[in-house]
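Read off the chains here:
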Amino acid sequence: MTADTPSATLIDGKAFAARLTTRVGAAAARLEASTGVRPGLAVVIVGEDAASQIYVRNKGETTLRAGMRSDTHALPKDSSQIDLLALIARLNADAGIHGILVQLPLPDHIDAALVLGAIDPDKDVDGFHVINAGRLAVGLPGMVPCTPLGCVMLLKHELGSLSGLNAVVVGRSNIVGKPMAQLLLAESCTVTIAHSRTRDLPALCRTADILVAAVGRAEMITGDWIKPGATVIDVGINRVPSRDPVKAAEGRTRIVGDVAFEDAARVAGRITPVPGGVGPMTIACLLANTYTAACRVAGVQPDSLDA
Ligand code: GUN
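Scope of this entry: the structure provided in the associated data block. Given the structure is predicted, the values throughout are model-derived calculations rather than measurements. (Residues numbered from 1 in each chain as written. Predicted model: local features only at pLDDT ≥ 70, side-chain atom pairs only at ≥ 80, totals over all residues. Heavy atoms only, no water.)

## Considering the site of the ligand
Selection rule: By convention in this text, a residue qualifies as near a molecule or strand provided that one of its non-hydrogen atoms is within 4 Å of it. Any N or O atom pair separated by 3.5 Å or less is treated as a polar contact, with the protein-specific requirement of one donor-capable and one acceptor-capable atom, and with residues adjacent in sequence counted only for side-chain atom pairs. Using a 1.4 Å probe, accessible areas were evaluated by the Shrake-Rupley method; residue-level cover was limited to the displayed protein chains. Basically, the charged four are Asp, Glu, Lys and Arg, the nonpolar ten are Ala, Val, Leu, Ile, Met, Phe, Trp, Tyr, Cys and Pro, and anything else, Gly included, counts as polar.
Residues in contact with the ligand, as listed here, are Leu101, Val102, Gln103, Leu104, Asp126 and Phe128. In the environment of the ligand, a nitrogen atom lies 2.6 Å from a nitrogen or oxygen atom belonging to the side chain of Asp126. Contact with the protein chains removes 80% of the 280 Å² of surface that the ligand exposes when unbound. In terms of residue class, the shell around the ligand is built from four nonpolar, one polar and one charged.

## Notes on the environment of Ser52
In plain terms, the rule: Each helix corresponds to a stretch of at least 4 residues labelled H or I by DSSP, and each strand to a stretch of at least 2 residues labelled E; elements are numbered beginning at the N terminus. By definition, residues are in contact when any of their heavy atoms lie within 4.5 Å.
Position of Ser52 among the secondary structure elements: in helix H2 (residues 50–65). Along the chain, Ser52 and Leu116 lie 64 residues apart, while their C-alpha atoms are 17 Å from each other. If sequence neighbours within four positions are ignored, Ser52 has contacts with Ile45, Gln103, Leu104 and Pro105.

## Digging into the sheet that holds strand E5 (residues 166–170)
What counts, and what does not: Only when DSSP finds a minimum of two bridges between them are two strands counted as paired. All axes are obtained by fitting lines to C-alpha atoms, using only the stretch in contact for helices, and the reported angles, taken between N-to-C directions, cover 0 to 180 degrees.
With parallel pairing, the six strands of this open sheet are ordered in space as E1-E11-E8-E7-E5-E6. What marks the edges here is a single partner per strand, and that holds for strand E1 (9–10) and strand E6 (190–194). Two strands pair when backbone bridges link them, and strand E7 (residues 210–213) and strand E8 (residues 231–234) are joined in this way by four bridges, in the parallel orientation. Paired with Val212 across the bridge in E8 is Ile233. Against the sheet, helix H6 (residues 146–159) contacts E7, E8 and strand E11 (270–271), and its axis sits at roughly 155° relative to E8.

## Observations regarding the packing of H6 against helix H7 (residues 177–186)
Our working rule: If you view the pair so one helix is near and one far, a crossing is left-handed when the near helix is turned anticlockwise from the far one by less than a right angle, and right-handed when it is turned clockwise.
Following both chains from N to C, one finds H6 and H7 inclined at 35°, their axes separated by 9 Å at the closest point. Note on packing geometry: the crossing formed by H6 with H7 is right-handed. Mapping the contact onto sequence places Pro148, Leu149, Cys151, Val152 and Leu155 in H6 and Pro179, Met180, Leu183 and Leu184 in H7. Its residues assigned to classes, the contact of H6 with H7 comprises nine nonpolar, no polar and no charged.

## Some thoughts on helix H11 (residues 278–298)
Condition: Here the expected span of a helix is defined as 1.5 Å times the quantity of residues minus one.
Taking 1.5 Å per residue, 21 residues should reach 30 Å; H11 reaches 30 Å between its end C-alpha atoms and fits that length. Once H11 ends, the next one or two residues include Gly299, with phi positive near 75°.

## Re the sheet that holds strand E3 (residues 69–75)
Two strands in a sheet stick together by hydrogen bonds in their backbones, pointing the same way (parallel) or opposite ways (antiparallel). Taken together, three strands build an open sheet; the order of strands is E3-E2-E4 and the sheet is parallel. Each end of this open sheet is capped by a strand with a single partner; those strands are E3 and strand E4 (99–102). For this sheet, the mean angle separating the axes of adjacent strands, direction not counted, is 15°.

## Some details on the nonpolar core
Put simply, the rule is: Side-chain atoms within 4.5 Å link the members of a nonpolar core, which is a set of buried Ala, Val, Leu, Ile, Met, Phe, Trp, Tyr and Cys residues. Buried, partly exposed and exposed residues are distinguished by accessible area as a fraction of the type maximum, computed with a 1.4 Å probe on protein chains only: under 20%, between the cut-offs, and over 50%, respectively.
In this structure, Val24, Met180, Leu184, Val212, Ile233, Val235 and Tyr291 are the most contacted members of the largest nonpolar core, which totals 51 residues. Looking at this core, the element that brings in the most residues is H11, giving 11 residues. Every residue in contact with Tyr291, bar those within four places of it in the chain, is listed here: Val24, Ala27, Ala28, Leu31, Pro39, Met68, Pro302, Asp303 and Leu305. Counting 20 residues, the second largest nonpolar core, distinct from the first, contains Leu201, Ala208, Val232 and Ala268.

Right, dumping it as structure tokens:
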């Protein structure tokens, strides 16, 4: 192998997510057979953001494929905050709905923190409610945000114990960066959260045994930022012009991560691709959280979803 040959093992999140979705579906069927409770997920979308519409459609289709109830509530972009809060109140009270997800981003005239705070914490399958953020921070059981949960599942599957490893999380969002750091800390990693004000980010990233990229900047992290043999988890989903100049001129695009994949794969030990890495895990974990929430309502212990 030459220095230019990609050497990293690909972490196949798509295949892992497909297996997890099958296991959740089987567990949900057992729950329904034994208790009559069929896990139900309600997804709320406001407006016409194209990417959000695709995510929401995928969530609905995967939920149905797992044999669970899926309701999608698509509200017009000029819907009032009061209407949205009224819908959430109805879903909170609906015994057939165990998980509620409000797709982000919301239009500017809606206070997202207020809306997320209105969701019953026990139905908050996104894990975005402050109660669930607090539970995660102090190590109490609760709903864990799906993307970081999926990343940690992949990491444990690949590496076994994460104890003592140096983890650098690039990005400090409430959705990914902060809960990711909490989960890695709970796995006894030594965790650093890096962000736009971090000094000498490349040098810090080179200390990482586990590098999680969640900044939303296309291909920002290059091979020279990576410690040889490190495990790289790329959470980014960025749309950039097609490689083919003719297609690019027609406005065609492709999806890339926050990591310059080919360059990074020459240095890393293991790496998630984009697409096909972390993305599919998010939906599988959403179904797992909905199943867990339904078990709580049914008063039964959830079956293990481990491989
Ligand atoms: N928008 C982008 N990612 C997410 C997510 O994980 N949950 C929700 N609700 N909205 C999102």
